[in-house]
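Summary of structural features
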Amino acid sequence: MVPSGICSYNWDQQCLCIRLFRDHNGSFGVGLILATAISLYANSLVAKLHEFGGKRHIRYRDLAGFIYGKRAYSVTWGLQYVNLFMINTGYIILAGQALKAAYVLFDEDGPMKLPYFIAIAGVVCGLFAISTPHLSALRVWLGVSTVLSLIYIIVAFVLSIKDGVNTPARDYSIPGTTTSKIFTTIGASANLVFAFNTGMLPEIQATIKQPVVNNMMKALYFQFTAGVLPMYAVTFIGYWAYGSSTSTYLLSSVNGPVWVKAMANIAAFFQSVIALHIFASPMYEYLDTKYGIKGSRFAIRNLSFRLGVRGGYLTLNTLVSALLPFLGDFMSLTGAISTFPLTFILANHMYLVAKRSKLSSFQKLWHWLNVIFFGFISFAALVAALRLIAVDSKTYHVFADL
């Protein structure tokens, strides 16, 4: 059994990867493959600790708390929350972009701007969150998500190839000074790990059948081999077809029948709504547990709680999405302060502590080198992200219509 959220196509990743490929030329291709490999390795370490100490750890913070203590539980939950909040914000932005792309197909000079479409996306995400009480209720919707993903992938892939064949020579050069290229490349490393990692592997692993570790490893191998191929295909083909002028949201660059592009945009919109619910589920589950929400999904107390709490959470997400729709730099910052520590530093150190008595001296040295190396990369990415935000803040404005 493949757990929910593992094999659903993440077009949030694809949009981010196109942006990075566009900004960093062919060198990003090597980084993309390397990020895939190290993400598979780091996630496999966490997966192997799921039953450490004779009990199942169904939340990342539970695993960290069991190994290190109560303070680590709180710190891990904080890092995880920041990571998931930014993922959810990204999905709302992308859903808004998909709606806007569909709208301009029929009224290019209309009065509706991106912040309005982001607001609509937030309302739809809120309605879906209120009507879907928990992660296991997504089973049918994951099948729908797969179909919607295939529509987007096929349309983007086919139309990009058609444009690439018919378009004259493209510009693949990288703009900027040597200094800016260095900082953006370092920032891109944080974006890459943000694209591949969620910081909620134990929560996903909790949804699968025994043997939990073996089934999770199979799912990870599938996700980071066959599962990434659609993202690779659309990213590379998009960059080949349009060069450095490629839009982050690929369907804004393609040419083709209006009805085909409209269908793909609407599919991308609804797929984003479903995918957001997966990554918002840890917060929903935490609040439901904290306030004792259980029983029928239609009970008045449960409905009113989901309306107020989940609606409020997504309202904040939507406000941030509309306020800062140029979140690429902020995602670099999130990758530096939360994704790197959660996925690479913490994973290696937790495995080192948990398996200390079973590891050879070389294996212990290997994990310590990983902790030190990714700690350094995390700090460098933090500096680069802060610089990128400072530079871009002179260009962008809040509630921008990008």
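In this convention, every chain numbers its residues from 1, walking through the sequence in written order. In view of the model being predicted, local features appear only for residues whose pLDDT reaches at least 70, and side-chain atom pairs are presented and counted only at 80 or more, with totals across whole chains, interfaces and linings using the full set of residues. Hydrogens and water are ignored here; the side-chain numbers use all heavy atoms of the structure.

Looking at an unreviewed UniProt entry, one finds the chain named Amino acid transporter transmembrane domain-containing protein and attributed to Linum trigynum. UniProt positions are given in the numbering used here, feature names are shortened, and annotations may be inferred rather than shown by experiment. If you open the UniProt record of the chain and go to Sequence similarities (unreviewed entry), you find "Belongs to the amino acid/polyamine transporter 2 family. Amino acid/auxin permease (AAAP) (TC 2.A.18.1) subfamily." For the record of the chain, the UniProt heading Subcellular location (unreviewed entry) holds the text "Endomembrane system".

Considerations on the nonpolar core
What we call a nonpolar core is a set of buried Ala, Val, Leu, Ile, Met, Phe, Trp, Tyr and Cys residues that are connected through their side-chain atoms within 4.5 Å. Burial status follows relative accessibility: with a 1.4 Å probe on protein chains alone, a residue under 20% of its type maximum counts as buried, one over 50% as exposed, and anything between as partly exposed. Residues Phe-196, Leu-220, Leu-251, Leu-314 and Met-350 are the most contacted members of the largest nonpolar core, which totals 90 residues. To qualify as a helix, a DSSP run of H or I must reach at least 4 residues; to qualify as a strand, a run of E must reach at least 2; elements of each kind are numbered from the N terminus. The greatest single-element share of this core, amounting to 15 residues, is contributed by helix 11 (residues 258-290). Dropping the residues within four chain positions of it, Met-350 is found in contact with Leu-49, Tyr-60, Leu-63, Ala-64, Ile-67 and Tyr-68. Core analysis: the next-biggest nonpolar cluster, separate from the first, contains eight residues, Ala-42, Ala-336, Phe-344 and Ala-381 among them. Contacts: residue pairs with any heavy atoms within 4.5 Å of one another.

With respect to the side chain of Gln-80
Examined against the element boundaries, Gln-80 turns out to sit in helix 4 (residues 70-106). Every residue in contact with Gln-80, bar those within four places of it in the chain, is listed here: Tyr-60, Arg-61, Gly-199, Met-200, Glu-203 and Leu-342.

Observations regarding the environment of Leu-150
Within the secondary structure, Leu-150 is located in helix 6 (residues 139-166). Overall, the relative accessible area of 45% leaves Leu-150 in the partly exposed class. In this structure the C-alpha to C-alpha distance between Leu-150 and Phe-399, which are 249 residues apart in sequence, comes to 31 Å.

Description of helix 12 (residues 300-323)
Over its 24 residues, helix 12 runs 33 Å from end to end, which matches the ideal 34 Å to within 8%, given 1.5 Å per residue. Turning to helix 12, its buried residues are Asn-302, Phe-305, Arg-306, Arg-310, Gly-311, Tyr-313, Leu-314, Asn-317, Thr-318, Val-320, Ser-321 and Ala-322. In this fold, the buried residues of helix 12 make contact with helix 4, helix 5 (114-131) and helix 11. Multiply 1.5 Å by the residue count of a helix minus one, and that product is the helix's expected span.

Overview of a nonpolar patch on the surface
Each patch is built from residues lacking any salt bridge and having more than 30% relative accessible area; the joining distance is 9 Å for like charges and 5 Å for nonpolar side chains (Val, Leu, Ile, Met, Phe, Trp, Tyr). Residue-level accessible areas treat just the shown protein chains as cover; the underlying method is Shrake-Rupley with a 1.4 Å probe. In the sections that follow, a salt bridge refers to a side-chain nitrogen of Lys or Arg positioned within 4 Å of a carboxyl oxygen of Asp or Glu. A contiguous nonpolar surface patch, about 350 Å² in accessible area, is contributed by Leu-316, Leu-319, Val-398 and Phe-399. One can find Phe-399 in the segment after helix 14 (361-392). Residue classification places Phe-399 among the partly exposed positions, given a relative accessible area of 41%.

A look at the environment of Met-200
Inspection of the secondary structure assignment puts Met-200 in the loop between helix 7 (178-196) and helix 8 (201-205). Since its relative accessible area comes to 0%, Met-200 is described here as buried. Sequence-wise, Met-200 and Ser-281 are 81 residues apart; in three dimensions their C-alpha atoms are separated by 9.7 Å.

Remarks on the packing of aromatic side chains
Only Phe, Tyr and Trp rings are paired, with Trp represented by its six-membered ring, and only when their centres lie within 6.5 Å; those with planes under 30 degrees apart are stacked, over 60 edge-to-face, the remainder tilted. Applying the stated rule across the entire model yields 16 aromatic pairs. For the pair Tyr-284 and Tyr-313, a centre-to-centre distance of 6.2 Å together with 85 degrees between the ring planes defines the contact as edge-to-face. Of this pair, Tyr-284 sits in helix 11 while Tyr-313 sits in helix 12, and the two are 29 residues apart along the sequence. Taking the relative accessible area as the measure of exposure, Tyr-284 reaches 3% and is therefore buried. Between Phe-373 and Phe-374 the ring centres are 5.2 Å apart and the planes differ by 70 degrees, which places this aromatic pair in the edge-to-face class.

Some remarks on helix 9 (residues 212-223)
The terminal C-alpha atoms of helix 9 lie 16 Å apart, and with twelve residues this matches the ideal 16 Å at 1.5 Å per residue to within 8%. By the burial criterion, the buried members of helix 9 are Val-212, Asn-215, Met-216, Met-217, Ala-219, Leu-220 and Gln-223.

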